[in-house]
There are 2 protein chains.
Amino acid sequence: MADKIPVIFEFSAHSTGKMRNEIDVWMAQPPNEEEWQIATDEGDFHGGDGTAPPPLALFAAAVAACMMTQIRGFSKRMGIPIRGVQVTGRTSWKLHPEDRVYSTEPDRFELDFDIDSDEPRERIEELMRQAQKGCFIDQTLQRQNAVVHRLRVGDDVVEIERDPESTPPSVDG
Amino acid sequence: MADKIPVIFEFSAHSTGKMRNEIDVWMAQPPNEEEWQIATDEGDFHGGDGTAPPPLALFAAAVAACMMTQIRGFSKRMGIPIRGVQVTGRTSWKLHPEDRVYSTEPDRFELDFDIDSDEPRERIEELMRQAQKGCFIDQTLQRQNAVVHRLRVGDDVVEIERDPESTPPSVDG
């Protein structure tokens, strides 16, 4: 079996304005010269200036685009010609008000694909299933992940452990 | 206990160019008038024209910005004044080459926070822990999610079930 190849994105971000964040992102592995400047903000209602999309809009776009990219990339690799992909969908969460703050949990993510192709239905379904396996973000959403948060405190760095009771239960995909 | 509030983003996306995707995203619940146009592309190496960040760069930016936004929002709600937040980090995956295609799995996501504040360390750690509970994306990464993929086939719509063997195993957060 071939070796596993690491795919690593690194980032450096700072807050600015009222609620705006500016994030530089680059690909560390496999090495890539490009760097992307991405920003988020919140609207008036959440105390921001609306200068950029909110983080959840970027997330929703990434969820849709990752599968779309995988479908087009694999269509060439698998010899299943397609002319294009359209997707509509929704990402939904629930917010639980708690005293002054709130906690959140994911609900359900739904994507409806429309693939423009003359290939038989079985081939398009095969392409979709292969794209699911190849899509980094879809695979990430299929499991509980290791997300490490560290906090600089003076010259120290401490890991911030999550409250185990705050983790929402998994569902059967 | 207060009612749960749905937070829903909807999107409509289409492929264009060689590997570019254009995604319109809007907030369906609570209703919001704004709509954001977001694009992704791939570099030369992956057959794209490099006109926009790749989906994984948007994803990494969203992971960082969601916690940063939550920290600033909750700092006001909890009365823990901060001047700003900086974050560096990495999102890493593994790619397994398989014949003409490949499968992927998440590896580890690491974020290092530097919070500019005169508050005592304990209060900043409390703010971080509360932000973890409130961060939609962090909570999403903590569990296996329900992600539904449907495909239009003529006048029909079929759900594309995932290959159960392709789901990467969960890890202990």
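Residues numbered from 1 in each chain as written. Chains lettered and ligands numbered in written order. Predicted model: local features only at pLDDT ≥ 70, side-chain atom pairs only at ≥ 80, totals over all residues. Heavy atoms only, no water.

A. Seen up close, empty space enclosed by the protein. With the rule as written, the count across this model stands at one cavity of 30 Å³ or more. Of the voids in this model, the largest cavity is the one considered here, and its volume is about 30 Å³. If you trace the largest cavity, you find it lined by Val63, Met67, Leu111, Cys135, Ile137, Asp138 and Leu141 of chain A together with His149 of chain B. Only helix H1 (55–77) and helix H3 (136–141) of chain A provide two or more residues apiece to the lining of the largest cavity. Examining the composition of the lining of the largest cavity, we find that three residues originate from one element, H3 of chain A, more than from any other. Here the lining of the largest cavity is built from residues that sort into six nonpolar, one polar and one charged. (1 Å grid on protein atoms, 1.4 Å probe; cavity = no way out; pocket = protein on both sides within 12 Å on 5 of 7 lines; lining within 4 Å. Points joined across faces, edges and corners; volume = space filled by probe spheres on them. Helix = DSSP H or I, 4+ residues; strand = E, 2+ residues; numbered from the N terminus. Nonpolar A, V, L, I, M, F, W, Y, C, P; charged D, E, K, R; others polar.)

B. Spatial organisation of the relation of the copies chain B and chain A. Screw-axis analysis of chain B against chain A gives a translation of 0.0 Å along the axis, an RMSD of 0.0 Å, and a rotation angle of 180 degrees. The superposition operator between the copies reduces to a two-fold rotation axis. Interface residue correspondence from chain B to chain A reaches 99%, placing this contact among same-surface, isologous pairings. (Least-squares fit on C-alpha atoms with pLDDT ≥ 70 in both. Contact = heavy atoms within 4.5 Å.)

C. Structural detail: the packing of aromatic side chains. Within this structure, the stated rule accounts for 16 aromatic pairs over all chains. Ring centres of Phe59 of chain A and Phe59 of chain B lie 6.2 Å apart, and the angle between their planes is 35 degrees; this geometry places the pair in the tilted category. Pair noted here: Phe59 of chain A is in helix H1 and Phe59 of chain B is in helix H1 (residues 55–78), and the two residues belong to different chains. Judged by relative accessible area, which is 0%, Phe59 of chain A ranks as buried. (Phe/Tyr/Trp six-rings, centres within 6.5 Å; stacked < 30°, edge-to-face > 60°. Buried < 20%, exposed > 50% of the residue type's maximum accessible area, 1.4 Å probe, protein only.)

D. Structural detail: the sheet that holds strand E3 (residues 35–40) of chain A. Reading across from one edge, E3(A)-E2(A)-E1(A)-E4(B)-E5(B)-E6(A)-E7(A) is the order of the seven strands in this open sheet, with mixed pairing throughout. Looking along the sheet, the strands with just one partner apiece sit at the ends: E3 and strand E7 (156–159) of chain A. When the angles between neighbouring strand axes are averaged without regard to direction, this sheet yields 20 degrees. Where strand E1 (residues 5–16) of chain A meets strand E2 (residues 20–29) of chain A, nine bridges bridge the pair, whose relative direction is antiparallel. Bridge pairing links Ser15 of chain A to Asn21 of chain A in E2 of chain A. Relative to strand E5 (residues 101–116) of chain B, H1 of chain A is tilted by about 155 degrees, and along the sheet it contacts E3 of chain A together with E5 of chain B. In this fold helix H2 (residues 121–134) of chain A packs onto strand E4 (84–98) and E5 of chain B, with an angle of close to 35 degrees to the strand it touches most, E5 of chain B. (Pairing = 2+ DSSP bridges. Axes fitted to C-alpha atoms, helices over the stretch in contact; angles between N-to-C directions.)

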